[in-house]
Amino acid sequence: MKAKISGLATYVPPRLLRNSDLEKLVDTNNEWILDRTGIEERHVVDKGTATSDLAAEAVKKLLKEKELSPDEIDLIIVATVTPDMLFPSTACLVQHKIGAHKTWGFDLSAACSGFVYALSTGAQFVHSGMHRRVIVIGADVMSSVINYSDRTTCVLFGDGAGAVLLEPCEEGEGIIDFVHEIDGSGGAFLNMPAGGSLNPATHETVEKKMHYVHQQGQQVFKYAVKKMGEYSQRVLERNNIPFDSVDCFIAHQANLRIINATAERLGLSDDKVIRNIHKYGNTTAATIPLAMEDAIKLNKLKKGNILLLAAVGAGYTVGSVVLRWSF
Ligand SMILES: CC(C)(COP(=O)(O)OP(=O)(O)OC[C@H]1O[C@@H](n2cnc3c(N)ncnc32)[C@H](O)[C@@H]1OP(=O)(O)O)[C@@H](O)C(=O)NCCC(=O)NCCS
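Not measured: the values here are computed from a predicted model.

## What about the site of the ligand?
Thinking step 1. Around the ligand sit 23 residues, and of these T28, R36, Q215, Q218 and N255 come closest.
Thinking step 2. Note that a nitrogen atom of the ligand is positioned 2.9 Å from one of the backbone N or O atoms of R151.
Thinking step 3. N255 is positioned such that a nitrogen or oxygen atom in its side chain is 2.7 Å from an oxygen atom of the ligand.
Thinking step 4. Expressed as a share of its isolated accessible area of 950 Å², the protein-covered part of the ligand is 73%.
Thinking step 5. Mapped onto the shell around the ligand, the elements with two or more residues apiece are α2 (30-37), α6 (151-154), α8 (217-237) and α9 (256-266).

So this is what it looks like as structure tokens:
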């Protein structure tokens, strides 16, 4: 039994945070942001909206499009690094918000590789024959962990959610393979130091701004370019898929220069590469489903196409998935 993506829906909060808005908050300018990242604007939540709200909106749309009742879902996996709270899991909150009564689920923490990790994980439950309908969600409210007085991080991130439905399919269709790796030596370069068991919240952790994203951008940049290329190559080679058979390439949208450098390394022609970072920024676990949706709208992702996904995230986490698109 194989698993295919049989449906997709996304949701972003309506409020826009443009480069011109950030110019008023920190010492930056539109030209620098566009030139160094490719980002023009991002969507951010209003106070009181959490990751489970964005995720639930995406799932409701998905169920409507697929004409499914919430009770037909067997499993919900939520990839996120910005859960509503440490516990209960965001999966539980989403389950309750959509009114699914015959399901189970859990959160998966792999930062920007979250969606590809959750996709590979969800697929195993379909492969094994254990479940017929698995919902995989990538959702993050990065604005909740961003220090809007730090110009090196606040220009990069946005909020959003995407959900896909996994169902069984025939051999030769759907998810073909994945390769993933974690490398904890990268933990120092991208993290949120406080709020966990190591540094529980105190006045001091708040004063030291330890509840925000801390990043050494250049280290992450170099690692991302190297690994996204390497793992994409690996997953194609071990499945004997020639590079020119890839119809569509979706890399995690962290920086336009990372996407372009990876595509160049892989020798992929420009028209096959999906780029939508200009309108969303880095939405962490949501970038890949948001890019899938744009790829479909642009007619760059069609039924039967070979789709290659690649991501690198905090951890470090690395992942690449190859699949045959199914609708
Ligand atoms: C963060 C990132 C955009 C920075 O770009 P960069 O080209 O590496 O820039 P640097 O960090 O070398 O900074 C260059 C200069 O720009 C300045 N700068 C940083 N942010 C700025 C901003 N928003 N506006 C204006 N100047 C800025 C720096 O202070 C530095 O100034 P200096 O030379 O006077 O010290 C880039 O490193 C990156 O995208 N990294 C990967 C991030 C990522 O993908 N994270 C998510 C996990 S996958």
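## Some points on α8
Thinking step 1. For α8, which comprises 21 residues, the first-to-last C-alpha distance of 30 Å matches the rise-based estimate of 30 Å (1.5 Å per residue) to within 8%.
Thinking step 2. Looking only at α8, the buried set comprises V220, Y223, A224, V225, K227, M228, G229, Y231, S232, V235 and L236.

## Let's talk about helix α5 (residues 114-127)
Thinking step 1. Here α5 spans 20 Å end to end across 14 residues, near enough to the 20 Å set by a 1.5 Å rise per residue.
Thinking step 2. The element α5 is largely enclosed, with a buried count of 10 among its 14 residues.
Thinking step 3. Taken together, the buried positions of α5 are occupied by G114, F115, V116, Y117, A118, L119, S120, G122, A123 and V126.
Thinking step 4. Two residues or fewer past α5, G129 is found with a positive phi of approximately 85°.

## Re the sheet that holds strand β12 (residues 306-313)
Thinking step 1. Sheet architecture is open: 4 strands sit in the order β8-β13-β12-β11, paired in mixed fashion. Of all the strands in the sheet, the pair left with one neighbour each is β8 (174-182) and β11 (248-251). Strand-to-strand twist across the sheet, computed as the mean angle between neighbouring axes with direction ignored, equals 10°.

## Regarding unusual backbone geometry
Trans peptide bonds make up the majority, and among non-glycine residues the majority have a negative phi.
Thinking step 1. Residue P88 is bonded to the preceding F87 through a cis peptide linkage, with omega at 5°.
Thinking step 2. You can see P88 is positioned in the loop between β4 (75-79) and α4 (90-98).
Thinking step 3. Put simply, G315 and Y316 share a cis peptide bond, and its omega is -5°.
Thinking step 4. You can see Y316 is positioned in the loop between β12 and β13 (317-324).
Thinking step 5. Of note in this structure, A111 is not a glycine but carries a positive phi near 50°.
Thinking step 6. Inspection of the secondary structure puts A111 in the loop between β5 (104-108) and α5.

## Some details on the pattern of salt bridges
Thinking step 1. This model, assessed by the stated rule, comprises 17 salt bridges.
Thinking step 2. The partner of D177 in a salt bridge is R238, and the shortest N-O contact between them spans 2.7 Å. Pair noted here: D177 is in strand β8 and R238 is in the loop between α8 and β11, with a separation of 61 residues, a long-range link.
Thinking step 3. The buried category is assigned to D177, whose relative accessible area is 14%.
Thinking step 4. Bridged by salt links that share partners, the residues E181, K226, K227, E230 and R234 form one connected network.

## What to know about the nonpolar core
Thinking step 1. Grouped together as the largest cluster of nonpolar side chains are 45 residues, with contacts concentrated most on V213, L236, F249, L308 and V322.
Thinking step 2. Those elements giving two or more residues to this core turn out to be α8, β11, α9, β12 and β13.
Thinking step 3. No other element matches the 8 residues that α8 contributes to this core.
Thinking step 4. Sequence-distant contacts of L308, defined by excluding residues within four places in its chain, comprise S232, V235, L236, V246, C248, F249, I250, L266, S320, V321 and V322.

## Side note on the sheet that holds strand β6 (residues 134-141)
Within a sheet, each strand pairs with its neighbour through backbone hydrogen bonds, oriented either parallel or antiparallel.
Thinking step 1. With respect to topology, 5 strands assemble into an open sheet ordered β1-β7-β6-β4-β5, the strand pairing being mixed. Lying at the two open borders of the sheet, with one neighbouring strand each, are β1 (2-11) and β5. On average, each strand axis in the sheet is inclined to that of its neighbour by 20°, with strand direction left out of account.
Thinking step 2. In this structure, β4 lies alongside β5, joined through 5 bridges in parallel fashion. In the sheet register, I76 faces β5, and the bridge partner there is G105.
Thinking step 3. Against the sheet, helix α11 (residues 287-297) makes contact with β1 and β7 (159-169), and its axis sits at roughly 90° relative to β1, the strand it touches most.

## Concerning the packing of aromatic side chains
Thinking step 1. Enumeration over the complete set of coordinates arrives at 5 aromatic pairs.
Thinking step 2. Seen in terms of ring centroids, W325 and F327 are 4.9 Å apart; in terms of plane orientation they differ by 40°. Their pairing is tilted.
Thinking step 3. For W325, a relative accessible area of 2% corresponds to the buried category.
Thinking step 4. Aromatic ring contacts, followed pair by pair, group W104, F106 and F125 into a single cluster.
Thinking step 5. When the ring centre of Y231 is taken as reference, the NZ or CZ atom of R234 above it lies at 4.4 Å.

Cut-offs used in this document
Residues numbered from 1 in each chain as written. Predicted model: local features only at pLDDT ≥ 70, side-chain atom pairs only at ≥ 80, totals over all residues. Heavy atoms only, no water. Near = heavy atom within 4 Å. Polar contact = N/O pair within 3.5 Å; in protein donor to acceptor, adjacent residues only side chain to side chain. Areas by Shrake-Rupley, 256 points an atom, 1.4 Å probe, with all protein chains shown as cover. Helix = DSSP H or I, 4+ residues; strand = E, 2+ residues; numbered from the N terminus. Expected span 1.5 Å × (residues − 1). Buried < 20%, exposed > 50% of the residue type's maximum accessible area, 1.4 Å probe, protein only. Pairing = 2+ DSSP bridges. Axes fitted to C-alpha atoms, helices over the stretch in contact; angles between N-to-C directions. Salt bridge = Lys/Arg side-chain N within 4 Å of Asp/Glu carboxyl O. Core = buried A, V, L, I, M, F, W, Y, C linked by side-chain atoms within 4.5 Å. Contact = heavy atoms within 4.5 Å. Phe/Tyr/Trp six-rings, centres within 6.5 Å; stacked < 30°, edge-to-face > 60°. Lys NZ or Arg CZ within 6 Å of the ring centre and 35° of its normal.

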